[in-house]
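Survey of secondary and tertiary structure
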Amino acid sequence: MQDAPPSCPLLVGIDVGGTKTHLRALAGDETVADHVRASSGWRPHDTDAAARWLADLVSEALPPGTRPSAIAVGAHACETPRQCADIRTALQDLLGVPASIVGDAELLVPAAGLDQGVGLVAGTGSVAVGRLADGSAVQVGGWGAVLGDEGGAAGLVREAARASWAAHDRGEAPDSLAQGLVEALGVPEVPALGAALEGAANASSDWGRHAPVVFSAAASGSPLAHAVIAEAGQALAALVARLAARGVPVADVVVAGGTVLGQPVLYDAFTAGLAEAVPGAKARPLTVAPVEGAVALARALL
């Protein structure tokens, strides 16, 4: 491949999500490639395999005869600075161009056109990220459906089951939340919810797909569902508060993720919790594709 003309550097941004990957390449104002594919095969804990996967993606997506000037990647499950740095080094060795690798939630702030702030994602899971004044990345949350991910789809289902069990233990008849979970998970009664959840092959995805049950129950008037959603909103706000306590600038909180942005009742619970936990912080729903943040990070490498 030949290099892109120096007067028109080719910037490549990649958003590797848990389900799909989005690559966008720009030369000046011209979109050279806008490519979406499944994230199958992405193995961020295998440095060499991850770097080869990204290099193959770049080769697949870019027109023949073109070479990127800089690449930035927001990578799902790239959980520590060391892990991201190792993949960056391996990718630079393969392609011979400047590269940056960050966790995918770190794309949100630059995608929103901001220099600093918090990126908060609540989709299947939940996580919040920011940077200290010295540029060090700080991540809170994102610990998976079994131990964390409060406010994400899987965490909502887990907490809805816990609330239903507690109501059962109090001798209360199943309300619409409990009934919805029993039906969705295909079990005969509330006590069987535990075995159904524990038997999931993939807790995050298998639990998370039942999150609509929680919102449907809330819409039908279930006090349990409303309480679960309110607590989820507070938990998301608590992620921002933890970042603030560690010195991260939190005046702007860029929010993304299908669960929180797709369910106004959860978004409202989050903003109410944010106003209480971090007065002065402003939530900003992301209105552009996160890959634009990757392109912005690539531009900063030149």
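This text follows the structure it describes.
Below is a short write-up of the structure. Treat the numbers as computed from the prediction; the structure is a model and nothing was measured.

We now examine the overall build of the protein chain. Assigned secondary structure in the protein chain consists of 12 helices and 10 strands. Scored against the burial criterion, the 302 residues of the protein chain give a buried share of 48%. For the protein chain, the share of sequence-separated contacts (at least 6 apart) that also reach a separation of at least 24 residues comes to 65%. Of the roughly 13700 Å² that the protein chain leaves accessible, carbon and sulfur atoms contribute 52%. With 18 positive and 31 negative side-chain charges, the protein chain shows a spacing of 4 Å between the two charge centroids.

Here the largest pocket defines a volume of roughly 1500 Å³. A per-class count over the lining of the largest pocket returns 20 nonpolar, 19 polar and eight charged. Of the voids in this model, the second largest pocket is the one considered here, and its volume is about 370 Å³. Mapped by element, the contributors of at least two residues to the lining of the second largest pocket are β5 (99-103), α3 (108-111), β7 (126-131) and α12 (291-300). Tallying contributions element by element places β7 first for the lining of the second largest pocket, with three residues. In the lining of the second largest pocket, the residues fall into 11 nonpolar, six polar and three charged.

Now for empty space enclosed by the protein. Considering all chains together, one arrives at one cavity of 30 Å³ or more under this definition. Approximately 50 Å³ is the volume attributed to the largest cavity. Forming the boundary of the largest cavity are Ser-164, Ala-167, His-168, Glu-172, Ala-173, Pro-174, Asp-175, Ala-178, Val-190 and Leu-224. Residue contributions to the lining of the largest cavity peak at three residues, all from helix α4 (residues 153-169).

The next point concerns the environment of Arg-67. Topologically, Arg-67 is positioned in the loop between α1 (47-61) and β4 (70-75). Under the relative-accessibility criterion, Arg-67 is labelled partly exposed at 23%. Considered as a pair, Arg-67 and Val-12 are 55 residues apart in the sequence and their alpha carbons are 9.7 Å apart. A polar atom in the side chain of Arg-67 sits 2.6 Å from the backbone oxygen of Leu-95.

On to the nonpolar core. Counting 54 residues, the largest nonpolar core has Leu-177, Val-240, Val-253, Phe-270 and Leu-274 as the members making the most contacts within it. Of the residues forming this core, the biggest block, 10 residues, is contributed by helix α9 (residues 223-245). Contact partners of Phe-270, with chain neighbours within four places excluded, come to Leu-120, Gly-233, Leu-236, Ala-237, Val-240, Val-253, Val-255 and Ala-283. Formed by 30 residues, the second largest nonpolar core is a distinct cluster that contains Leu-10, Trp-53, Leu-54 and Cys-84.

For the rest of this paragraph, the subject is the pattern of salt bridges. Using the criterion set out here, one finds nine salt bridges in the structure. For Glu-292, the salt bridge is made with Arg-24, and the minimal N-O distance between the two is 3.3 Å. Within this pair, whereas Glu-292 is found in helix α12, its partner Arg-24 is found in strand β2 (residues 20-27), the two being separated by 268 residues in sequence. Under the relative-accessibility criterion, Glu-292 is labelled partly exposed at 34%. Under the relative-accessibility criterion, Arg-24 is labelled buried at 17%. Between Arg-131 and Glu-106 there is a salt bridge whose closest N-O contact spans 2.8 Å. With Arg-131 in strand β7 and Glu-106 in the loop between β5 and α3, the pair connects residues that are 25 residues apart, well separated along the chain. Among the ionic contacts, a cluster of salt bridges with common partners joins Arg-24, Asp-34 and Glu-292.

Rules and cut-offs
- Residues numbered from 1 in each chain as written.
- Predicted model: local features only at pLDDT ≥ 70, side-chain atom pairs only at ≥ 80, totals over all residues.
- Heavy atoms only, no water.
- Helix = DSSP H or I, 4+ residues; strand = E, 2+ residues; numbered from the N terminus.
- Buried < 20%, exposed > 50% of the residue type's maximum accessible area, 1.4 Å probe, protein only.
- Contact = heavy atoms within 4.5 Å.
- Areas by Shrake-Rupley, 256 points an atom, 1.4 Å probe, with all protein chains shown as cover.
- Lys, Arg positive; Asp, Glu negative; His and termini not counted.
- Charge placed at Lys NZ, Arg CZ, Asp CG, Glu CD.
- 1 Å grid on protein atoms, 1.4 Å probe; cavity = no way out; pocket = protein on both sides within 12 Å on 5 of 7 lines; lining within 4 Å.
- Points joined across faces, edges and corners; volume = space filled by probe spheres on them.
- Nonpolar A, V, L, I, M, F, W, Y, C, P; charged D, E, K, R; others polar.
- Polar contact = N/O pair within 3.5 Å; in protein donor to acceptor, adjacent residues only side chain to side chain.
- Core = buried A, V, L, I, M, F, W, Y, C linked by side-chain atoms within 4.5 Å.
- Salt bridge = Lys/Arg side-chain N within 4 Å of Asp/Glu carboxyl O.

Read these as geometric descriptors, not functional statements.
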